[in-house]
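Summary of the model geometry
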Amino acid sequence: MTDKRTYVVLLGAPGAGKGTQAKLLEQATGLPQVSTGDIFRYNLKNETELGKLAKSYMDKGALVPDDVTIRMVEDRLAQPDAARGAIMDGFPRTLAQADAFDRLVAPFGGVAVAPVIVIDDEETVYRITGRRSCRACGSVYHIILNPPKVEGRCDKDNGELYQRDDDQEATVRNRLLVYYKQTAPLIGYYYAKGLLREVNGGETIELVQAALRSLIKLK
Ligand code: ADP
Ligand code: AMP
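Residues numbered from 1 in each chain as written. Chains lettered and ligands numbered in written order. Predicted model: local features only at pLDDT ≥ 70, side-chain atom pairs only at ≥ 80, totals over all residues. Heavy atoms only, no water.

What follows concerns unusual backbone geometry. Between Phe91 and Pro92 the backbone carries a cis peptide bond, its omega angle lying at -5°. Within the secondary structure layout, Pro92 lies in the loop between β3 (85-89) and α5 (95-105). Positive phi is not limited to glycine here, since Glu47 has a value of about 50°. Residues other than glycine seldom take positive phi values, yet Asn158 does so here, at roughly 60°. Inspection of the secondary structure assignment puts Asn158 in the loop between β6 (140-142) and β7 (161-162). (Helix = DSSP H or I, 4+ residues; strand = E, 2+ residues; numbered from the N terminus.)

Spelled out as structure tokens, the structure:
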């Protein structure tokens, strides 16, 4: 019997809601959220060699090189909590990463589904510049659209909310450009494999979550 696992690839522009939805899907499915952005930020905070390398790219809104990123994901997916699969948030982000990921998960039945969360480009900028993240647990808020109960504090652990360095408007516009040049081709890639599903990201967080859950069948 093959070891079947469920790998969900969340696609969408920066600010589409991938992280917000991945955290809720993690609770609903028991599959861990694997956010390459979060792993890079963790390394940055702890001043590891990987963190130092990633910083120069992240500050500009550019992508960290594929070889480094792919190796990091291989290590992460070998952890015991990912033994049934994972919710991929922000990876793959290039065609080379998508090919490498396909090879990595082929022994476990391949990618199960690739939902793309679609929002307007101007909404992207509005959402990202208003985003605030918890320093302790990484929970994500928006100052207007999804505010915490107490300003500046996380609802879950009272951690300090901060604005990511790369969430300033100038960097956001570059991230959007990088998205269209390097990541948007993945929409065609997964469409051709019959795995793409479109979800309207302009709906409420709850409605987007319901749409995503209906697409995920645990193996
Ligand atoms: P991504 O991981 O795709 O970059 P996030 O999940 O961090 O996106 O969401 C970006 C911002 O938009 C956050 O401030 C978040 O609170 C807010 N947000 C996410 N989903 C929605 C939604 N459906 N409606 C309104 N705001 C949302
Ligand atoms: P995110 O948290 O997904 O918004 O990612 C923040 C930043 O981390 C990106 O702008 C990139 O610099 C880097 N990053 C995250 N995921 C990847 C990836 N799969 N490939 C390359 N760089 C990445």
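Attention shifts here to the site of ligand 2. Taken together, 16 residues are adjacent to ligand 2, and Thr36, Arg41, Ala62, Gly90 and Gln97 come closest. The side chain of Arg41 places a nitrogen or oxygen atom 2.9 Å from an oxygen atom of ligand 2. Taking Val64, its main chain carries an N or O atom lying 3.0 Å from a nitrogen atom of ligand 2. Coverage of ligand 2 by the protein chains reaches 95% of its 480 Å² of free accessible surface. At 4 residues, the largest contribution of residues to the shell around ligand 2 is made by helix α2 (residues 36-45). (Near = heavy atom within 4 Å. Polar contact = N/O pair within 3.5 Å; in protein donor to acceptor, adjacent residues only side chain to side chain. Areas by Shrake-Rupley, 256 points an atom, 1.4 Å probe, with all protein chains shown as cover.)

Taking 1.5 Å as the rise per residue, helix α4 (residues 66-77) with 12 residues should run 16 Å; its terminal C-alpha atoms sit 16 Å apart, in good agreement. Regarding α4, the residues found buried are Val68, Thr69, Ile70, Met72, Val73, Arg76 and Leu77. Buried residues belonging to α4 abut β1 (6-10), β2 (33-35), α2, α3 (49-58), β3 and α5. (Expected span 1.5 Å × (residues − 1). Buried < 20%, exposed > 50% of the residue type's maximum accessible area, 1.4 Å probe, protein only. Contact = heavy atoms within 4.5 Å.)

A few words on the pairing of strand β5 (residues 131-134). Taken together, the 3 bridges between β5 and β6 define a ladder with antiparallel strand orientation. Bridging from a neighbouring strand, Arg132 pairs with Tyr141 of β6. What sits between β5 and β6 in their antiparallel hairpin is a turn of 5 residues, with Gly138 showing a positive phi close to 80°. Pairing of β5 with β7 involves 2 bridges; the strand directions are antiparallel. Looking at the pairing, Cys134 lines up with Leu161 of β7. (Pairing = 2+ DSSP bridges.)

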